[in-house]
Amino acid sequence: MPHNSAQVRPATHVDVQAIQKLLNHYASMGDLLPRTRDDILKNLEHFRVIEQQGDIIACGSLENFTDELAEIRSLMVRTDIKGSGLGREIVQHLIEMAQARQVKRLMALTYVPIFFHKLGFKTVNKEIFPEKIWGICVNCYKFKNCDEIAVLMEL
Ligand SMILES: CC(C)(COP(=O)(O)OP(=O)(O)OC[C@H]1O[C@@H](n2cnc3c(N)ncnc32)[C@H](O)[C@@H]1OP(=O)(O)O)[C@@H](O)C(=O)NCCC(=O)NCCS
């Protein structure tokens with residue numbers, strides 16, 4: 001089972017293509033927001049990945065809005081191994097990173113709140129994150145009709 005040997009590590013330039021491929025897949029289904037290669041490259045230091053036999057099988061990033069508020073973004077697991085604990089592995093790692101950065105609130109926008117609830121997040125009203133809404137969401141193609149659910153963990 002892949003999760004038995006799962007090791008989360010920082011992403012490098014070599015991983016960008018694989019991250020983009022995984023992201024394109026989920027973005028094309030509307031599950032995740034698309035991101036350009038430049039956007040991924042600019043935020044590469046925040047990405048963590050799990051690699052197996054030369055392929056990226058899971059990834060996620062931790063991006064700060066302010067010193068006290070961070071977001072989990074681009075969280076995804078390769079389709080054929082969803083449900084084997086890798087998503088949890090990545091999120092737990094990102095929670096530890098957030099704690100080390102002394103972030104007080106960790107949020108995500110998602111279509112799978114149940115997954116986040118299992119990890120201790122609570123569903124909240126999006127309006128409590130003006131930093132996100134007016135900094136990032138305002139530029140998103142879903143801005144006027146966003147149906148994603150906000151989840152929050154207080155650290
Ligand atoms: C959401 C996602 C990252 C979860 O990763 P995963 O490796 O499949 O999930 P895990 O195996 O770590 O699951 C952890 C728990 O959440 C539950 N869970 C995971 N996905 C779920 C779903 N879609 N619906 C209900 N429960 C779910 C699992 O059953 C498990 O519960 P358990 O502890 O009771 O056994 C992954 O399914 C994915 O890549 N989805 C598509 C992209 C996406 O929507 N990303 C989230 C963006 S915020």
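The name given to the chain in an unreviewed UniProt entry is Amino-acid acetyltransferase, and the organism recorded there is Arenicella xantha.

Draft legend 1. Main features of the overall build of the chain. A tally of helices and strands in the chain yields five helices and seven strands. Beginning at the N terminus, the succession of helices and strands in the chain can be written as β-α-α-β-β-β-α-β-α-β-α-β. In terms of C-alpha radius of gyration, the chain reaches 15 Å, essentially the compact-globule figure of 15 Å for 155 residues. C-alpha extents for the chain along the principal axes are approximately 40 × 30 × 25 Å. Considering the chain as a whole, with its 155 residues, one finds that 46% of them fall into the buried category. A sequence separation of at least 24 residues applies to 68% of the contacts in the chain between residues at least 6 apart. On the chain, roughly 8500 Å² of surface is accessible, and the fraction owed to carbon and sulfur atoms is 52%. Taken together, the 19 basic and 19 acidic charged side chains of the chain have centroids lying 2 Å from each other.

Draft legend 2. Quick look at the sheet that holds strand β7 (residues 149-154). Ordered by their spatial adjacency, seven strands build an open sheet running β1-β2-β3-β4-β5-β7-β6, and the pairing between neighbours is mixed. On the outer flanks of this sheet lie β1 (8-10) and β6 (122-124), each paired with one strand and no other. Adjacent strand axes in the sheet meet at a mean angle of 35 degrees, parallel and antiparallel pairs treated alike. With three bridges joining them, β1 and strand β2 (residues 47-52) adopt antiparallel strand pairing. Along β2, the bridge assignment pairs Arg-9 with Val-49.

Draft legend 3. Here's a closer look at helix α3 (residues 86-100). With 15 residues, α3 extends 21 Å between its outermost C-alpha atoms, agreeing within 8% with the 21 Å of an ideal straight helix rising 1.5 Å per residue. At the C-terminal side of α3, Gln-102 shows a positive phi close to 65 degrees.

Draft legend 4. Summary view of the pattern of salt bridges. Taken as a whole and assessed by the stated rule, the structure comprises eight salt bridges. In this structure, the salt-bridge partner of Glu-51 is Arg-9, at a minimum N-O distance of 2.6 Å. Of the two residues, Glu-51 sits in strand β2 while Arg-9 sits in strand β1, which places them 42 residues apart along the sequence. The exposure class assigned to Glu-51 is partly exposed, which follows from its relative accessible area of 41%.

Draft legend 5. Quick peek at the site of the ligand. Neighbouring the ligand are 19 residues; Leu-75, Val-77, Gly-83, Gly-85 and Arg-88 lie closest to it. Within the backbone of Gly-85, an N or O atom sits 2.7 Å from an oxygen atom of the ligand. Of all the secondary-structure elements, those providing two or more residues to the shell around the ligand are β4 (69-77), α3, β5 (105-110) and α4 (113-118). Classifying every residue of the shell around the ligand by side-chain character gives 11 nonpolar, five polar and three charged.

Basis of the calculations
Residues numbered from 1 in each chain as written. Predicted model: local features only at pLDDT ≥ 70, side-chain atom pairs only at ≥ 80, totals over all residues. Heavy atoms only, no water. Helix = DSSP H or I, 4+ residues; strand = E, 2+ residues; numbered from the N terminus. Rg over C-alpha atoms; globule rule 2.2 N^0.38 Å. Buried < 20%, exposed > 50% of the residue type's maximum accessible area, 1.4 Å probe, protein only. Contact = heavy atoms within 4.5 Å. Areas by Shrake-Rupley, 256 points an atom, 1.4 Å probe, with all protein chains shown as cover. Lys, Arg positive; Asp, Glu negative; His and termini not counted. Charge placed at Lys NZ, Arg CZ, Asp CG, Glu CD. Pairing = 2+ DSSP bridges. Axes fitted to C-alpha atoms, helices over the stretch in contact; angles between N-to-C directions. Expected span 1.5 Å × (residues − 1). Salt bridge = Lys/Arg side-chain N within 4 Å of Asp/Glu carboxyl O. Near = heavy atom within 4 Å. Polar contact = N/O pair within 3.5 Å; in protein donor to acceptor, adjacent residues only side chain to side chain. Nonpolar A, V, L, I, M, F, W, Y, C, P; charged D, E, K, R; others polar.

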